[in-house]
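Overview (structure and organization)
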Amino acid sequence: MSEIHDRPGERGPRMPEPLEVNAADVADGIVPGFGMDAIREAARRLSGHVVRTPLLTSPMLDELVGARVLVKAECLQLTGSFKVRGALNALLALDQEARRAGIVAYSAGNHGQGVAAAARLAGCPAVIVMPHDAPRIKVDNCRWWGAETVLYDPRTEDREEVARKIIQDRGMTLIPPFDDVRVMAGQGTVGLEMAEQARELGLTPDAVLVNCSGGGLASGVITALHHAFPGMVNHIAEPAGFDKMARSLATGRVCANPHPPGGLMDAISGPAAGARPLAVLRHHDVTGLTVTDEEVLAAMGTAHRLLKIVVEPGAAASLAALLSGKVDVRGRTMALVASGGNVDPAVYRRALAD
């Protein structure tokens, strides 16, 4: 990956502006700055700097579930997660003064790694605010990319407050994990590539399953795929008991998870859904599904055995929903995103042993 030098951009707010919209009243264009034009622009910005990850197939997996399954292997992306796409697109939208001051992110790991990598590519400082119990591999990877890490206790501290103090003290700019149109557009390039790759295979997906936390990936992918294949059925997968986006979709209001999160799916167990992603997902009539830790461990093992990829628990949620029969897929062509592969060895050993 080549280093990114000066490019024109626009100065963003130090902290993201709140979305003044009732998600229940969503219509086309109600999230300003987000849509297919923004996703295409993100693809142009990111070209040559992120990996065009493969869309994997397996006849054995197809036979197992009775459907044609297409798996986008974002676990093979730079930093081992899709997150670098949104982070780099948001960073490249900033002007040179903001880049020189540096950027801040709060993250359980994958967004932090994406921001750290983006900052290194753009040659700017980065601080990543992470829970003290984040998987060690994710903390170490952020540091490898050159970012400073600030650890906090999620039981007693609020990550946004920790980040806000750093921003105020150092004049840095926040790169939000999901509730930001630049981040959503960057994540949407995953769906743009999936549509191109499905067409190269001569296939038309009937439905998509996307792992979901705040909704940045799901909103971007579903927007891009729906544009290419308007008749698709759209699903998200979340941890059982921590399905904040499903509850948000049902009520039209941003819902939160119990605090602190529990279980193996730390990457998709963030505290609250994003207002902008929620508006987009409600527009696309998305259905929420939930999976258990046991189901994602089984899915991780299946991904290793049949697809030959390493997938972390949160990234295996969509495959787990498919394998555990949470949705009828018989005779359909299903599109899934294996969104990350940053898993602690001890957890992965459990997945392979099951």
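Cut-offs and rules
Residue numbers restart at each chain and count upward from 1, following the sequence in its written direction. Residues qualify for local features only when their pLDDT is at least 70, as the model is predicted, and side-chain atom pairs are given and counted only at 80 or more; totals for whole chains, interfaces and linings, by contrast, use all residues. Side-chain metrics in this entry use all non-hydrogen atoms of the structure; hydrogen atoms and water are not considered. In this description a helix means any DSSP run of H or I spanning at least four residues, a strand means any run of E spanning at least two, and both kinds are numbered starting from the N terminus. Radius of gyration means the value over C-alpha atoms here, while the globule rule gives 2.2 Å times the residue count to the 0.38 power. Each residue is placed in one exposure class: buried if its accessible area under a 1.4 Å probe, protein chains only, is under 20% of its type's maximum, exposed if it is over 50%, and partly exposed if it falls in between. Every residue pair with non-hydrogen atoms within 4.5 Å of one another is taken to be in contact. In this description, accessible areas are obtained by the Shrake-Rupley approach with a 1.4 Å probe, and a residue is regarded as covered only by the protein chains that are shown. Residues scored as positive are Lys and Arg, those scored as negative are Asp and Glu, and His as well as the terminal groups of each chain are ignored. All charge positions are set by atom: Lys at NZ, Arg at CZ, Asp at CG, Glu at CD. Between any two strands, pairing holds if DSSP finds at least two bridges. Axis geometry follows a simple rule: fit a line to the C-alpha atoms, using only the stretch in contact for helices, then measure angles between N-to-C directions, giving values from 0 to 180 degrees. Only Phe, Tyr and Trp rings take part, Trp by its six-membered ring, and two of them pair if their centres are within 6.5 Å. Stacked means planes under 30 degrees apart, edge-to-face means over 60, and tilted covers everything else. Cation placement over rings: the criterion is NZ of Lys or CZ of Arg within 6 Å of the ring centroid and within 35° of the ring normal. By definition in this entry, angles of less than 35 degrees are roughly parallel, angles greater than 145 are roughly antiparallel, angles of 65 to 115 are roughly perpendicular, and the rest are oblique. A side-chain nitrogen of Lys or Arg and a carboxyl oxygen of Asp or Glu constitute a salt bridge if their distance falls within 4 Å. We call a crossover right-handed when, viewed with both strands directed away from the observer, the connection leading from the first strand over the helix to the second proceeds clockwise. This arc corresponds to the set of directions leading from the helix axis out to the C-beta atoms.

Per the secondary structure count, the protein includes 14 helices and 10 strands. For 354 residues, the compact-globule estimate of 2.2 N^0.38 gives 20 Å, and the C-alpha radius of gyration of the protein, at 19 Å, lies within 12% of that figure. Summarising its shape, the C-alpha atoms of the protein cover approximately 55 × 45 × 40 Å along the three principal directions. Here the protein holds 354 residues, and 61% of them are scored as buried. Of the contacts formed within the protein by residues at least 6 apart in sequence, a portion of 76% connects residues at least 24 apart. As presented, the protein carries roughly 13,800 Å² of accessible surface, and 50% of it is formed by carbon and sulfur atoms. In the protein, the 36 positive side-chain charges and the 40 negative ones have mean positions that sit 3 Å from each other.

The subject of this paragraph is the sheet that holds strand β9 (residues 287-291). Reading across the sheet, the 6 strands line up as β1-β2-β10-β7-β8-β9 and stay open at both edges, with mixed pairing between neighbours. Of all strands in the sheet, those with a lone pairing partner are β1 (55-56) and β9, marking the two edges. Where strand β7 (residues 207-211) lies against strand β10 (residues 333-338), 3 bridges are found, and the strand directions are parallel. Residue V208 lies in a different strand from β10, and its bridge partner there is A335. Sitting on the sheet, helix α10 (residues 244-251) touches β8 (233-239) and β9, and the angle it makes with β8 is about 130 degrees. Across the sheet, helix α12 (residues 293-307) touches β1, β2 (68-73) and β9, and the angle it forms with β9 is around 90 degrees.

For the structure shown, the criterion picks out 1 aromatic pair. Between R120 and the ring centre of W144, over which it is positioned, the NZ or CZ distance is 4.8 Å.

On the basis of which strands lie adjacent, the open sheet formed by 4 strands has the order β5-β4-β3-β6 and parallel pairing. Two strands in the sheet have a free side with no partner beyond their single neighbour: β5 (148-152) and β6 (173-174).

Okay, the packing of α12 against helix α14 (residues 345-353) next. Two numbers describe how α12 lies on α14: the axes approach to 7 Å, and their chain directions differ by 80 degrees. By the angle between their axes, α12 is roughly perpendicular relative to α14. Side by side, α12 and α14 meet where L297, M300, G301 and H304 of the first sit next to V347, Y348, R350, A351 and L352 of the second.

Pairs can form between side chains of opposite charge once their charged atoms are near each other. Applying the stated criterion across every chain yields a total of 18 salt bridges. Residue E161 is joined to R164 by a salt bridge in which the shortest nitrogen-to-oxygen separation is 2.7 Å. Of this pair, E161 and R164 both sit in helix α7 (residues 159-170), 3 residues apart, which is roughly one turn of the helix. We classify R164 as partly exposed; its relative accessible area is 25%. Across the pair K326 and E295 runs a salt bridge, and its minimum N-O distance is 2.9 Å. With K326 in the loop between α13 (317-323) and β10 and E295 in helix α12, this residue pair connects regions lying 31 residues apart in the sequence. By relative accessible area, which is 33% here, K326 ends up partly exposed.

The alternating pattern of strand β3 (residues 103-106) places I103 and A105 and V104 and Y106 on opposite faces, both of which are buried. Pairing between β3 and strand β4 (residues 126-131): 4 bridges, direction parallel. By the bridge assignment for β4, Y106 is matched with V129. Viewed along the sheet, the connection from β3 through helix α5 (residues 110-122) into β4 turns out right-handed. Looking at chain direction, β3 and β6 are connected through 2 bridges and run parallel. Each residue of the ladder has a partner; that of I103, found in β6, is T173.

This part takes up the side chain of K244. Topologically, K244 is positioned in helix α10. E238 provides the closest opposite charge to the buried, salt-bridge-free K244, at an N-O distance of 4.7 Å. Here K244 is in contact with S213, G214, E238, C255, A256, N257, I268, S269, G270, P271, A272 and A273, once residues within four sequence places are set aside.

When helix α1 (residues 36-46) is considered as a whole, its buried residues turn out to be M36, A38, I39, A42 and L46. One side of α1 holds all its buried residues, which, seen down the axis, span an arc of 160 degrees. Exposed residues pointing more than 90 degrees away from the buried face of α1 are listed as D37 and R44. Contacts from the buried residues of α1 go to α3 (83-92), α8 (181-200) and α9 (216-228). Where α1 terminates, the next one or two residues include G48, which has phi positive at roughly 90 degrees.

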